[in-house]
Amino acid sequence: MDYNYPIRHDWSTTEIIAVAAFYEAVEKAYESGIAGEKLMEAYRGFKKVVPSMAEEKTLCKEFEEASGYVCYRVVQAAKDTSGEEIIKGMPSR
């Protein structure tokens, strides 16, 4: 990984950890696979920090530009599966 996660400097350490955990879950979905429920757990933590849909879209767009990974596709795939089903190898772009 040779990019930085998009974060906001007014977040607490706990909030930064929650957001980073979501970004890591998205990366894992693309790179090696992750259980849908694990991804949704990370997403719920992210949403506690970023409840605004507009801010979520902004952060996910920044993350996509930096990493090439699309948060929306991964979250939608996780929502469409049973909790233990593995989300893996999402097409980028």
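Residues numbered from 1 in each chain as written. Predicted model: local features only at pLDDT ≥ 70, side-chain atom pairs only at ≥ 80, totals over all residues. Heavy atoms only, no water.

A. Up close: the overall build of the protein chain. When you go through the protein chain residue by residue, the secondary structure sums to four helices and two strands. For the protein chain, the succession of helices and strands along the chain, N to C, is α-β-α-α-α-β. Taking 93 residues into account, the globule formula puts the C-alpha radius of gyration at 12 Å, and the protein chain, at 12 Å, falls close to it. C-alpha atoms of the protein chain, sized along the principal axes, occupy 35 × 25 × 20 Å. Here the protein chain holds 93 residues, and the buried ones make up 45% of them. In the protein chain, the share of contacts with a sequence separation of at least 24, taken over all contacts with a separation of at least 6, comes to 66%. Averaging the positions of the 12 positive and the 16 negative side-chain charges in the protein chain gives two centres separated by 4 Å. (Helix = DSSP H or I, 4+ residues; strand = E, 2+ residues; numbered from the N terminus. Rg over C-alpha atoms; globule rule 2.2 N^0.38 Å. Buried < 20%, exposed > 50% of the residue type's maximum accessible area, 1.4 Å probe, protein only. Contact = heavy atoms within 4.5 Å. Lys, Arg positive; Asp, Glu negative; His and termini not counted. Charge placed at Lys NZ, Arg CZ, Asp CG, Glu CD.)

B. Representation of helix α2 (residues 36–49). Relative to the 20 Å expected for 14 residues at 1.5 Å per residue, α2 spans 20 Å between its end C-alpha atoms, a close match to the ideal helical length. Those residues of α2 that are buried lie in contact with α1 (13–31), β1 (34–35), α3 (53–67), α4 (71–79) and β2 (86–87). (Expected span 1.5 Å × (residues − 1).)

C. Spatial organisation of the pattern of salt bridges. In total, this model carries four salt bridges according to the counting rule given. Arg-8 is the partner of Glu-55 in a salt bridge, and the nearest nitrogen-oxygen pair spans 3.4 Å. Here Arg-8 lies in the segment before α1 and Glu-55 lies in helix α3, a separation of 47 residues in the sequence. By relative accessible area, Glu-55 is classed as partly exposed at 30%. We note a salt bridge from Arg-8 to Glu-62, for which the minimum N-O separation is 3.0 Å. (Salt bridge = Lys/Arg side-chain N within 4 Å of Asp/Glu carboxyl O.)

D. Fine view of the state of the cysteines. The tally for this structure, following the rule as stated, stands at zero disulfides. Not engaged in a disulfide, the cysteine Cys-71 finds its nearest cysteine sulfur in Cys-60; these two sulfurs lie 3.3 Å apart. (Disulfide = S-S within 2.5 Å.)

E. Quick peek at the environment of Ile-17. On the secondary structure map, Ile-17 appears in helix α1. C-alpha of Ile-17 to C-alpha of Ile-7: the two residues are 10 residues apart in sequence and 9.9 Å apart in space.

F. Representation of the packing of α1 against α4 in the model. Axis separation between α1 and α4 bottoms out at 10 Å; the angle between their running directions is 80°. Considered as vectors, α1 and α4 are oriented roughly perpendicular to each other. Taken together, the residues of α4 that come into contact with α1 (itself represented by Phe-22, Val-26, Ala-29 and Tyr-30) are Cys-71, Arg-73, Val-74 and Val-75. (Axes fitted to C-alpha atoms, helices over the stretch in contact; angles between N-to-C directions. Parallel < 35°, antiparallel > 145°, perpendicular 65-115°, else oblique.)

G. Broad picture of the nonpolar core. Formed by 31 residues in total, the largest nonpolar core has its most connected members in Phe-22, Tyr-23, Val-26, Phe-46 and Phe-63. For this core, the secondary structure elements donating two or more residues are α1, α2, α3 and α4. Per-element tally for this core: the top contributor is α1, with nine residues. Residues in contact with Phe-22, not counting those within four places in the same chain, are Ala-42, Tyr-43, Phe-46, Cys-60, Cys-71 and Val-75. (Core = buried A, V, L, I, M, F, W, Y, C linked by side-chain atoms within 4.5 Å.)

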